[in-house]
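What the coordinates show
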Amino acid sequence: MGDKNSTNWRTRFAVQVIVLLFLPVAAPAVPADPSFSPTNIFAPVSTPAHSIFGLSLFALAVTASIFVIVFSLLVYCVVRFARRADDDGREPPQVYGSNQVELAWTVIPILIVVVLFMATARVIASIQKAARPANAIQVIAIGHQFWWEYRYPGLKVVTANELHVPVSDPAHPTPTFITLLSADTDHSFWVPRLAGKTDLIPNHPNTMWFDPQQTGLYLGQCAQYCGTQHAKMLLRVYVQSGDEFNRWIEEQTQPAHASPAVSEGQRIFETTACINCHAVAGTAANGLFGPDLTHLMSRETIASGAAPNTPESLKLWIQNPDAIKPGSKMPAMGLSDHELDAVTAYLATLR
Amino acid sequence: MSTDAISTLRVEMPSRPLVAKLHEWVTTVDHKRLGILYIAYALVFLVIGGIEAAIMRIQLIRPHYNFVSPGLFNQMFTMHGTTMIFFVVMPLLFGFANYLIPLMIGARDMAFPRLNAFSFWLTAFGGIFLYFSFLGANGLYGAGSAPDVGWFAYAPLTSQTFSPGHSTDFWTLSLLVSGFGSIGTAINIIATVLCMRCPGMTLGKMPLLVWLNLVMAVLVILAISPLTAAQVMLLVDRYLGGHFFDTQAGGSAVIWMHFFWIFGHPEVYVLVLPAFAFISEIVPVFSRKAIFGYPAMVAAAVCIAFIGMSVWAHHMFTIGMNSNANTFFVLTTMAIAVPTGIKIFNWLATMWGGKIHFKTPMLFAIGFLFQFLIAGLTGIMLGVAPFNWHLGNSYFVVAHFHYVIVGGILFATFGAFYYWFPKMSGKMYSEALGRLHFWLFVIGFHLTFDFMHIPGLLGMPRRIYTYEPGRGWDTWNLIVTIGVFFQAAGILVFAGNLLRSYFRGKTAGSDPWDAWTLEWSTSSPPPEWNFAVVPVVKSRRPLWDLKHPSDPDWKYE
Amino acid sequence: MNTTFMTTPQPELNWELPARGRTAMFCLIAAESAIFTIFVVAYLFYIGKSLTGPMPKDVLTAPIFYTICLLSSSLTIHLAVSALRRGNIGTFGTWWLGTLALGAAFLYGTANEWHRLIYVDGLTINTNLFGTTYYSLVGLHGFHVIVGLLCLSIVMVFTLLGSVKREHVERAEVLSLYWHFVDAVWVVVFTVVYVIGH
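All residue numbers refer to positions counted from 1 along the written sequence of the respective chain. Here the convention is simple: chains get letters from A, ligands get numbers from 1, in the order in which they are written. Local features in a predicted model are, by the rule used here, given only for residues with pLDDT of at least 70; side-chain atom pairs are given and counted only at 80 or more, and totals for whole chains, interfaces and linings are based on all residues.

Residues and elements named next belong to chain A. Paired strands, in this sense, are two strands between which DSSP finds at least two bridges. Helix and strand assignments follow DSSP, with helices taken as H or I runs no shorter than four residues and strands as E runs no shorter than two, numbered in order from the N terminus. In spatial order, the strands read 3-2-1-5-8; together these five strands make up an open sheet with mixed pairing. Of all the strands in the sheet, the pair left with one neighbour each is strand 3 (157–160) and strand 8 (206–210). Pairs of neighbouring strands in the sheet enclose a mean axial angle of 25°, with direction left out of account. For strand 2 (residues 147–152) and strand 3, the ladder comprises four bridges, and the chain directions are antiparallel. When the sheet's bridge partners are listed, Y150 is paired in strand 3 with T159. To get an axis, fit a line to the C-alpha atoms, keeping to the stretch in contact for a helix; angles then go from 0 to 180 degrees between the N-to-C directions.

Let us look at the pairing of strand 4 (residues 162–166) of chain A. In this scheme every C-beta is placed from the backbone, and a residue whose C-beta has 20 or more other C-beta atoms within 10 Å is buried, one with 12 or fewer is exposed, and one in between is partly exposed. Within strand 4 of chain A, five of the five residues are buried, which leaves it mostly tucked inside the rest of the structure. Side chains of strand 4 of chain A alternate between two faces, with E162(A), H164(A) and P166(A) and L163(A) and V165(A) buried alike.

Contact with chain B, which involves 43 residues of that partner, is made by 33 residues of chain C. Of all elements in the fold, only helix 1 (2–7), helix 6 (167–195), helix 7 (208–239), helix 8 (253–287) and helix 18 (542–547) of chain B reach the threshold of two or more residues within the side of chain B that touches chain C. For the side of chain B that touches chain C, the element with the most residues is helix 7 of chain B, which contributes nine residues. When residue character is reported, Ala, Val, Leu, Ile, Met, Phe, Trp, Tyr, Cys and Pro are called nonpolar, Asp, Glu, Lys and Arg charged, and the others, Gly included, polar. Of the residues assigned to the side of chain B that touches chain C, the class counts are 30 nonpolar, twelve polar and one charged. Residue pairs are scored as contacts if the distance between their C-beta atoms, which are placed from the backbone, is within 7 Å.

Residue and element names in this part refer to chain A. The mixed open sheet is built from three strands, whose spatial order is 4-10-9. Here the strands that pair on one side only, and so sit at the sheet edges, are strand 4 and strand 9 (216–221). For this sheet, the mean angle separating the axes of adjacent strands, direction not counted, is 25°. Pairing of strand 9 with strand 10 (residues 234–240) involves six bridges; the strand directions are antiparallel. Looking across to strand 10, one finds that L217 is bridged to Y238.

Time to look at the packing of helix 3 (residues 31–59) of chain B against helix 5 (residues 113–136) of chain B. Residues and elements named next belong to chain B. Running from N to C, helix 3 and helix 5 point in directions that differ by 10°, and their axes come no closer than 10 Å. By the angle between their axes, helix 3 is roughly parallel relative to helix 5. Of the residues in helix 5, those in contact with H31, L34, L37, Y38, Y41 and F45 of helix 3 are P113, N116, A117, F120, A124 and G127. Broken down by class, the residue content of the contact of helix 3 with helix 5 amounts to nine nonpolar, three polar and no charged. If an angle is under 35 degrees, it is roughly parallel; if it is over 145, roughly antiparallel; if it lies from 65 to 115, roughly perpendicular; otherwise it is oblique.

With that settled, consider the environment of S163(C). All names here are of chain C. Counting through the fold element by element, S163 comes out in the loop between helix 5 (129–160) and helix 6 (169–196). By the C-beta count within 10 Å, which is 10 here, S163 ends up exposed. Spatially, the C-alpha atom of S163 lies 23 Å from that of A19, the residues being 144 residues apart in sequence.

Right, dumping it as structure tokens:
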């Protein structure tokens, strides 16, 4: 079994492998800078996300060390024990085992496992057993195919797709606790900078919490395959200062503003099948299958983030939802152009 | 080599018509032919599954791309996963097991040759039935086509409400049928290994490949059965109005997850143990040393199988189990890293002090060692439950399990192909083409699966047919897709090498690698009866004893 | 090459391996046990969780008599196999027939119970969680009894035709292992359904 095995070839091989290897390993060390990615798990702004971040660095350090040691041994073996070109063809000494060495490489991994396990158990407890303080904001999130329903029971707010929460001061935390339910299949709430993901499973209520310490818009999306448009069940969490949040709550608790200018649009809305699915507080519309539209215009996006909330895309969505989100549960309503304009004008007043 | 003349005692038959030859293959009960049928079947589906992967990767090359519709994409990931696991990797491994086990234990065939054939045809039918879904799955609502519920088919997405038509039923029934085939093969392997070893081959003297396949077969029996049960329950729900997973009637979606993963996790050990088997045969021969720590290797395999039955809910860290349950599964998941690590160390120790020959099988084995190490370490990361609350259901997991299955298992299987191709065909493959395959595939594999970890770390969930721009995922997805073409090229070179070498390769002889287990004592390919006289063995490496009569293994074992 | 393995014959090498048929049957039993375990787990998990409909204590009465029939059939099949081992085909046939009869009686009992549950108590597989899990678990067991009875019947036919001889005792024993397994599963199912779940 002869082959070329010059030192040059072996060394080149080893260098190539090392370069190939460290490239992707280095990449995650690349910025915890939010502008790099708004969903970067290494850019936490909330306590659970911070806890996970710290633990993950520890886990990465442990695994990276193991990798460096074992990989070096592999490279050494490949280089040092390659068959030389001038080999005499005799078999090398046969070694069948070694009790001491085998014991050592059993005990040391067990110790590493114990340490990593204990660190992990601590973080699990700190996140899952966190007590809910009295001033926590309570939200009920209900997953639907393919949108998010949010209810603030204490504050009497019902909205959809865009979640607003107050920023939390680390000295006096005001966390948000979310009860996760589902109206149909399994979903998962994942906004990486705020917390790890937790699933929404029918007949299996879950709870999660976060306390974001910086205002801003945080993005995420559904992370459990729930059907055709799983990919466009996007998440937008607006973390606002206390005043802004209170103002938002105030607006959301108002009923819809009636206006005679759009009465035709309102009439079409209420006599077509729209109200079978949609609710507008203070009117005849009280459907529960689709998002509550009472304050539709307070949202920046429609169709759970799939399109911006502009008159054009709103009109397109009503005319032909499949153009934006094929497979969503919104049917094409078959309205004429005139009816579409009227309804869109009506919806534009739902601030 | 006068011994070849003795071993190749065959009567030259007159050339038979093609129909007769095909009939022989279709009706064969010979373990060697069934092994080759399994492997050929798997290779066809490897190409099909690869095309499905390519379609998905092209769709994801840019955000909001429109290469395929969402519905088709969802079918692609469902079919790709189901195909690769059940109709590529499992048949490949069963094929090699079928071919090699009787030869390695000095037997003339498996314990139940007709059950063997029946099991193969059940599996084969299952795969064909699954693909028929593309044509024939239209049900009541005109809905349906290939299944699109993901390869783990979570409830209640699979209920009649959310999956009308028959697409889900094609998933259920095809796996049910091929599951019976798998159980049949597993029973056959256990009975063969326990009841048909040649004289002198105690359990402690079997080649590691035989041991690891024995443990794998036990796992199949314990693990496939829960899937069978769950699928029967799903059929009861879908067609008899049952409520096993009907959350509206008080049923539980979570219990499907438990049942599925009680199958699903041991299943990955079913896939990886035979890969370990290949490495345990290749590394010693190409390092010219006995395997280091044979008893520990056996013990580690048994430990892995045992502990592997207790880790399943690490696939469910995000579903809202309480902290005690989560903590328990973290413990068992990390525990399994210990026997797995031991195996890697033993392979390294086998190479240590040896004289390594860098033939194609060994290149793939070294690739396996490197990649399986990384895969194991990302697995440990995933076992840290709070870290899993980010990484679970993201592209990090997709990268991890492809690292295991492609970077680990497929690499080991390629190594096995090159190692045993001379035995199965009687011809040597082209070493140059083998190297080309290796390097193309290594480059493609790393381009795709190294960089795939990154979108996961940046928040990209799995099973999405498109993604939003501005999340920092675009470049990585592009690189991942480019790697696919290198891998495809590698597969083409591989297929070309096999075909060309089969027809025009040099004669291999019975023992081209100067190896030590019983299969190398037969001609290449072996006669139908394997051994004219049943061998009697005294050690783990019977041919080493013959080649080194002054220094046989049984003096040291 | 293989001939050189045989050095001098080694009379001291006592090489006995387990029987293939028995090994395979134990494996099959292990696989089936795993399947039944999942159905038992589902049954236990769903005890008390039905939202509506008849509850176990309203409609279930333990089938003591038919259980005795089934468990006795384990004894009769054991006696049959022992008789065959001694070469006594006639006794074998009698006990084998007894096993068949007792098994069939058990099936009759199940059918009777199901008839009453469906037409009198209104409990079907789609009524509620209890109905689903009950019919699935008992039905799965009943299915295995039917398969066993079919195999036993085939052997009965061979016996009546005079084809069964003393040298077939191992095959009969393998079949009896399956039958014992079916009985053991009934012990578990009976406990779970009529004792724990009641």
